[in-house]
Amino acid sequence: TQNKLGISGGRACLVGGAQASKGVLKDLEVSAQTAKYDAYFKLAGAVLQFNIYDSTTPSSGELIKSVKVSATGANLSGDFTVNYAGDSVTASGSGNSVTVTVETREIVVADKANAKAVYAVIIPASIAASQSGTVTYTVETYGGSGYEFTSKAAKKWESGVITPIN
């Protein structure tokens, strides 16, 4: 559940530890003699930023309820395993869709510049362009029929990268 549009929900997978070198983490060593601890974090998942607007029906009164992304033949949800020794994060997928429910309802606006963002954190994935494999984006709304878009184009969603979906 995302509490308010424009800010990420509470399920961003962060990996933390001490900084070994720029961008590389190691175990955080804590002792009674240490007065200060510096912890560093990086985002393990890929972030999809859905900018929701509808230029064809301005002021339709629809309110955003949820956003879902699903992919044929690719895992988007699952678990992360962290290995600090090799500074690696391994994702193991168990599902092909992720849904974010919006708690504070916002109206669907008519232009991209004023669009409210909904964020979905997924397992990093590469999806090849295909005739059979598709990615579907579904926006469920109150007071309207919602929206659904399908794409057969190649996708590359990387760890720690925010990808806009317009």
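Residue indices begin from 1 for each chain and proceed along its sequence in written order. Reporting of local features is limited, given that this is a predicted model, to residues whose pLDDT is at least 70; pairs of side-chain atoms are given and counted only at 80 or more, and all residues count toward the totals for whole chains, interfaces and linings. Hydrogens and waters are ignored; side-chain quantities use all the structure's heavy atoms.

**Q** Any chance you could break down the overall build of the protein for me, citing the residues and the numbers?
**A** For the protein, the count of helices and strands is zero helices and 14 strands. Reading the helices (α) and strands (β) of the protein from amino to carboxyl end gives β-β-β-β-β-β-β-β-β-β-β-β-β-β. Out of the 166 residues in the protein, the part that is buried amounts to 33%. Counting contacts in the protein only where the partners sit at least 6 residues apart, residues at least 24 apart contribute 70% of the total. On the protein, roughly 9,500 Å² of surface is accessible, and the fraction owed to carbon and sulfur atoms is 48%. Only DSSP runs of H or I covering at least 4 residues are called helices, and only runs of E covering at least 2 are called strands; the numbering of each starts at the N terminus. The classification of residues rests on relative accessible area computed with a 1.4 Å probe and restricted to protein chains. Under 20% of the type maximum is buried, over 50% is exposed, and intermediate values are partly exposed. Contact between two residues is taken to exist if any of their heavy atoms lie within 4.5 Å; hydrogens are not considered. Residue exposure ignores everything except the shown protein chains as possible cover, and the areas themselves are Shrake-Rupley values with a 1.4 Å probe.

**Q** Account for the nonpolar core, with residues named and values stated.
**A** Put simply, buried Ala, Val, Leu, Ile, Met, Phe, Trp, Tyr and Cys residues joined by side-chain atoms within 4.5 Å make one nonpolar core. One finds F50, I52, V69, L76, V118, I122 and W157 to be the most contacted residues of the largest nonpolar core, which totals 25 residues. Of all the secondary structure elements, the ones that give two or more residues to this core are β4 (46–52), β5 (63–71), β8 (97–101), β9 (116–122), β10 (125–127) and β11 (135–142).

**Q** So, the layout of surface pockets: which residues are in play, and what are the values?
**A** Cavity: a set of points on a 1 Å grid over the protein atoms alone where a 1.4 Å probe fits but cannot get out. Pocket: an open set with protein on both sides within 12 Å along at least five of seven lines, its lining residues, like those of a cavity, having an atom within 4 Å of a point. Grid points are joined across faces, edges and corners, and a volume is the space filled by probe spheres set on the points. Of the voids in this model, the second largest pocket is the one considered here, and its volume is about 240 Å³. Listing elements by their share of the lining of the second largest pocket, those giving two or more residues are β4, β11 and β12 (147–151). Under the scheme applied, nonpolar residues are Ala, Val, Leu, Ile, Met, Phe, Trp, Tyr, Cys and Pro; charged residues are Asp, Glu, Lys and Arg; polar residues are all the others, including Gly. Looking at the lining of the second largest pocket residue by residue, the classes come out as nine nonpolar, three polar and one charged.

**Q** Please give an account of the pairing of β11 that cites residues and values.
**A** Paired strands are those between which DSSP finds at least two bridges. Relative to β11, β5 is paired through eight bridges, and the arrangement is antiparallel. Directly across from K68, in β11, lies its bridge partner T138. Relative to β12, β11 runs antiparallel, the two sharing five bridges. Looking at the pairing, T136 lines up with T150 of β12. Counting the residues between successive antiparallel strands, the hairpin from β11 to β12 contains four residues, one of them, G143, with a positive phi of roughly 80°.

**Q** An account of the sheet that holds β11 is requested, with residue identities and associated values reported.
**A** Sheets are built from strands paired through backbone hydrogen bonds, the pairs being either parallel or antiparallel. Reading across from one edge, β8-β5-β11-β12 is the order of the four strands in this open sheet, with antiparallel pairing throughout. Two strands close off the open sheet at either side, each with one partner strand: β8 and β12. Each strand axis lies, on average, 10° off the axis of its neighbour in the sheet, ignoring direction. Only C-alpha atoms enter the line fits that serve as axes; for helices the fit covers just the stretch in contact. Angles between N-to-C directions range over 0 to 180 degrees.

**Q** Tell me what's going on with the confidence of the model for the protein, and back it up with residues and numbers.
**A** Every residue carries a pLDDT, the predictor's confidence in it, which falls somewhere between 0 and 100. On average, residues of the protein score 76 in pLDDT, and 67% of them are at 70 or above. No element of the protein has a lower mean pLDDT than strand β1 (residues 14–21), which averages 63, and none a higher one than β5, which averages 89. This model gives residues 6–11 a pLDDT under 50, and the stretch forms ten contacts once residues within four places in sequence are excluded.

**Q** For the side chain of K155, give the residues involved together with the corresponding values.
**A** Tracing the chain through its elements places K155 in strand β13 (residues 155–157). A positive count includes Lys and Arg, and a negative count includes Asp and Glu. His and the chain ends are not counted in either. Salt bridge criterion: a side-chain nitrogen from Lys or Arg within 4 Å of a carboxyl oxygen from Asp or Glu. Look at K155: it is buried, it has no salt bridge, and the nearest opposite charge is E158 at 14 Å. Pairs of N or O atoms within 3.5 Å make up the polar contacts considered here, provided that, within protein, one atom can donate a hydrogen while the other can accept it, and that residues adjacent in sequence are counted only when both atoms are side-chain atoms. In this structure the side chain of K155 is engaged in a polar contact, spanning 2.6 Å, whose partner is the side chain of S151. With residues near it in sequence (within four places) discarded, K155 still touches A125, S126, I127, V135 and Y137.

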